[in-house]
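If you want the building blocks of each chain, they are given just below.
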Amino acid sequence: MTNATQRDPLAFIGAELDDLRAKHLYRPLRVMSSEQGPVVTVDGREVISLSSNDYLGLTHHPRLKAAAVEAVREFGVGPGAVRTIAGTMAIHEALEAELAAFKGTEAVLTFQSGFTANTGVIPTITGEADLIVSDALNHASIIDGMRLSKAPRKVYPHADLAGLEAVLEEASTKGRPDGAGPYRLILVVTDGVFSMDGDIAPLPGIVDLAERYGAAVFVDDAHASGVLGRNGRGSVDHFGLHGRVAIQVGTLSKAVGVLGGYVAGSQALRDLLVQRARPFLFSTSHPPAVVEACREAIRVMEEETWRIERLWASTARFKAELGRLGFDTGHSETPITPVIVGDSEAAIRFSARLFEEGVFATSVVFPTVALDQARLRTIVTAALTDEHLDRALATFDRVGHELGLIAG
Ligand code: PMP
């Protein structure tokens, strides 16, 4: 066959991209050339950042940087192997012990990311004899974790305790669909804070129901780590539910400012994950700089309490002011403040105009959120000053009027 007649087997990729562009769903990457912080340089422009998950401003904290540099000097740049071969360093174990003490659990196991924590733990602890019960808006990594499990799953409407109870009632009375008796484990899985809307899971109600039906609770605290609870201990601490939530997943990539995920629970859970969790077994562990920066972050979170206080004070002000300007900020209860525009094209244009005016607020469109729920997703981190907030709000006001998104 000649080149001229050879069909490109990957031609569908171009067609798919054309389709995304036609629907205004194609998202080019913005490129940052500065460090993270309240003001960043993105695509060559200096802008106020409302787009990172750097809640506490730790990504660029001098103490974390110094800890990372020192770790490189002492331990090198790479861990050299997966944890189960030769990649477990004393500092990995130290970080896990410190995280367990911070969370108030028996044990912690770290993963390369929050994503791999979820895809590691869910299929390890569930199988054919179990049932996973999942909130409809759970994170993609929970969904992928469930897909990797042999367990059947039931989805309940978002944050709907009556819906959850109906599923638990049916599961506990009927048992396994093949008539093979009761489920070995019913695992109720929820995000602690939902990452697109910023609402908090109704965890006390979930825990009460789980206890009534003999189920275990799994909470993914990616957006609650460093944000909710004492010094950012998470949603379990926030609601006073210590000892009643079997498994907590956290991330080290957002408020903690570095990279990674962890599973906090019993020693037996940790022991099993070490033997079986596939990302842990088959992917190399964290490099020393990451581990030591995470350890320093925990100390900073314990000592510099002004950061979490500032985060919540700025959030309250930002939400109130946006509401006063006439924007729809949804029903967030946390520093994640959506500015809901509806139409994808309008959200992308709004974000682009704000960017030109010096404010970096990323748009989030389908499939991350529903087609008619396109939005800007903002977080005002502890690193932003009042002056930054004033400038950002004035820009929202001006551009919002210009694009007809707010009246008056
Ligand atoms: N779970 C939730 C709820 C998240 O929002 C995220 C991050 N988008 C993750 C897990 C993944 O965390 P990481 O970035 O550490 O992989």
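On a predicted model such as this, the values are computed, not experimentally measured, just so you know.

1. Concerning the site of the ligand
In the region of the ligand, 14 residues are neighbours, and Gly 114, Asp 220, Thr 251, Ser 253 and Lys 254 sit closest. Between the ligand and Asp 220 there is a distance of 2.5 Å, counted from a nitrogen atom to a side-chain nitrogen or oxygen. In isolation the ligand has 400 Å² of accessible area, and contact with the protein removes 83% of it.

2. Examining the layout of surface pockets
By volume, the largest pocket is sized at about 710 Å³. Together, 25 residues line the largest pocket, and Arg 27, Ser 51, Phe 360, Thr 362 and Ser 363 are the ones closest to its centre. Contributing elements (two or more residues each) for the lining of the largest pocket: α13 (344-356) and β12 (363-364). A per-class count over the lining of the largest pocket returns eight nonpolar, 11 polar and six charged. Inspection of the lining of the largest pocket shows a minimum of three residues originating in each of domain 1 (25-60 + 305-402) and domain 2 (79-286). Taken together, 17 residues line the second largest pocket, and the ones lying closest to its centre are Leu 137, Asn 138, Met 196, Thr 368 and Val 369. Residues of the lining of the second largest pocket, tallied by class, amount to nine nonpolar, five polar and three charged. Each of domain 1 (25-60 + 305-402) and domain 2 (79-286) contributes no fewer than three residues to the lining of the second largest pocket.

3. Focus on a nonpolar patch on the surface
Residues Leu 10, Phe 12 and Ile 13 make up a contiguous nonpolar surface patch of about 290 Å² in total accessible area. In this structure, Ile 13 sits in helix α1 (residues 11-22).

4. Quick notes on the environment of Asp 221
With respect to the element layout, Asp 221 can be found in the loop between β7 (216-220) and α8 (235-238). By relative accessible area, Asp 221 is classed as buried at 0%. Put simply, Asp 221 and Gln 267 are 46 residues apart on the chain and 19 Å apart in space, counted from C-alpha to C-alpha. Beyond its immediate sequence surroundings of up to four residues, Asp 221 is in contact with Lys 103, Gly 192, Gly 234, Ser 235, Val 236, Gln 248, Val 249 and Gly 250.

5. Some remarks on the sheet that holds strand β2 (residues 45-49)
One open sheet accounts for three strands, arranged β1-β2-β11; its pairing is mixed. Two strands bound the open sheet, and with one partner strand each, they are β1 (39-42) and β11 (359-360). Pairing between β1 and β2: four bridges, direction antiparallel. Within the sheet, the bridge partner assigned to Val 40 lies in β2 and is Val 47.

6. Quick word on the packing of aromatic side chains
A full pass over the atoms with the stated rule returns six aromatic pairs. With a centroid separation of 5.9 Å and an interplanar angle of 75 degrees, the aromatic rings of Phe 355 and Phe 360 are classed as edge-to-face. Residue classification places Phe 355 among the buried positions, given a relative accessible area of 6%. One aromatic cluster in this structure is built from Phe 318, Phe 327, Phe 350 and Phe 396. Here the basic side chain of Arg 21 rests over the ring of Tyr 26, its NZ or CZ set 4.4 Å away from the ring centre.

7. Thoughts on the packing of helix α4 (residues 114-125) against helix α5 (residues 140-147)
It is the contact of α4 with α5, at a shortest axis distance of 8 Å, that shows an interaxial angle of 30 degrees. Of the possible angle classes, the one that applies to α4 and α5 is roughly parallel. Here α4 runs over α5; the crossing is right-handed. Each of Phe 115, Asn 118, Thr 119, Ile 122 and Pro 123 in α4 lies in contact with α5, whose residues at this interface are Ala 140, Ser 141, Ile 142, Asp 144, Gly 145 and Met 146. Taken together, the residues that form the contact of α4 with α5 break down as six nonpolar, four polar and one charged.

8. Regarding unusual backbone geometry
Note that the residue after Phe 366, namely Pro 367, is joined by a cis bond; omega there is 10 degrees. Here Pro 367 is to be found in the loop between β12 and β13 (374-379). For Asp 43, which is not glycine, the phi dihedral falls at a positive 45 degrees. Tracing the backbone shows Asp 43 in the loop between β1 and β2. Even without being a glycine, Ala 159 presents a positive backbone phi close to 55 degrees. Tracing the backbone shows Ala 159 in the loop between β5 (153-156) and α6 (161-174).

9. With respect to the domain arrangement of the chain
According to the domain assignment, the chain contains domain 1 (25-60 + 305-402) and domain 2 (79-286). Put simply, the middle of domain 1 and the middle of domain 2, counted by C-alpha atoms, are 29 Å apart. Counting residues at the interface gives 22 residues for domain 1 and 19 residues for domain 2. Both faces combined, the contact of domain 1 with domain 2 buries some 1600 Å², and carbon together with sulfur accounts for 60% of it.

10. Structural notes on α4
Here α4 spans 17 Å end to end across 12 residues, near enough to the 16 Å set by a 1.5 Å rise per residue. Among the 12 residues of α4, 10 are classified as buried, and the element is accordingly described as predominantly covered. Taken together, the buried positions of α4 are occupied by Gly 114, Thr 116, Ala 117, Asn 118, Thr 119, Gly 120, Val 121, Ile 122, Thr 124 and Ile 125. Residue Ser 113 occupies the N-cap position of α4, its side-chain oxygen lying 3.3 Å from the main-chain nitrogen of Phe 115.

Rules used in this analysis
- Residues numbered from 1 in each chain as written.
- Predicted model: local features only at pLDDT ≥ 70, side-chain atom pairs only at ≥ 80, totals over all residues.
- Heavy atoms only, no water.
- Near = heavy atom within 4 Å.
- Polar contact = N/O pair within 3.5 Å; in protein donor to acceptor, adjacent residues only side chain to side chain.
- Areas by Shrake-Rupley, 256 points an atom, 1.4 Å probe, with all protein chains shown as cover.
- 1 Å grid on protein atoms, 1.4 Å probe; cavity = no way out; pocket = protein on both sides within 12 Å on 5 of 7 lines; lining within 4 Å.
- Points joined across faces, edges and corners; volume = space filled by probe spheres on them.
- Helix = DSSP H or I, 4+ residues; strand = E, 2+ residues; numbered from the N terminus.
- Nonpolar A, V, L, I, M, F, W, Y, C, P; charged D, E, K, R; others polar.
- Domains from an automatic or database assignment.
- Patch = residues over 30% accessible without salt bridge, like charges linked within 9 Å, V, L, I, M, F, W, Y side chains within 5 Å.
- Salt bridge = Lys/Arg side-chain N within 4 Å of Asp/Glu carboxyl O.
- Buried < 20%, exposed > 50% of the residue type's maximum accessible area, 1.4 Å probe, protein only.
- Contact = heavy atoms within 4.5 Å.
- Pairing = 2+ DSSP bridges.
- Phe/Tyr/Trp six-rings, centres within 6.5 Å; stacked < 30°, edge-to-face > 60°.
- Lys NZ or Arg CZ within 6 Å of the ring centre and 35° of its normal.
- Axes fitted to C-alpha atoms, helices over the stretch in contact; angles between N-to-C directions.
- Parallel < 35°, antiparallel > 145°, perpendicular 65-115°, else oblique.
- Left-handed = near helix turned anticlockwise from the far one by under 90°.
- Buried area = accessible area lost by both parts, 1.4 Å probe.
- Expected span 1.5 Å × (residues − 1).

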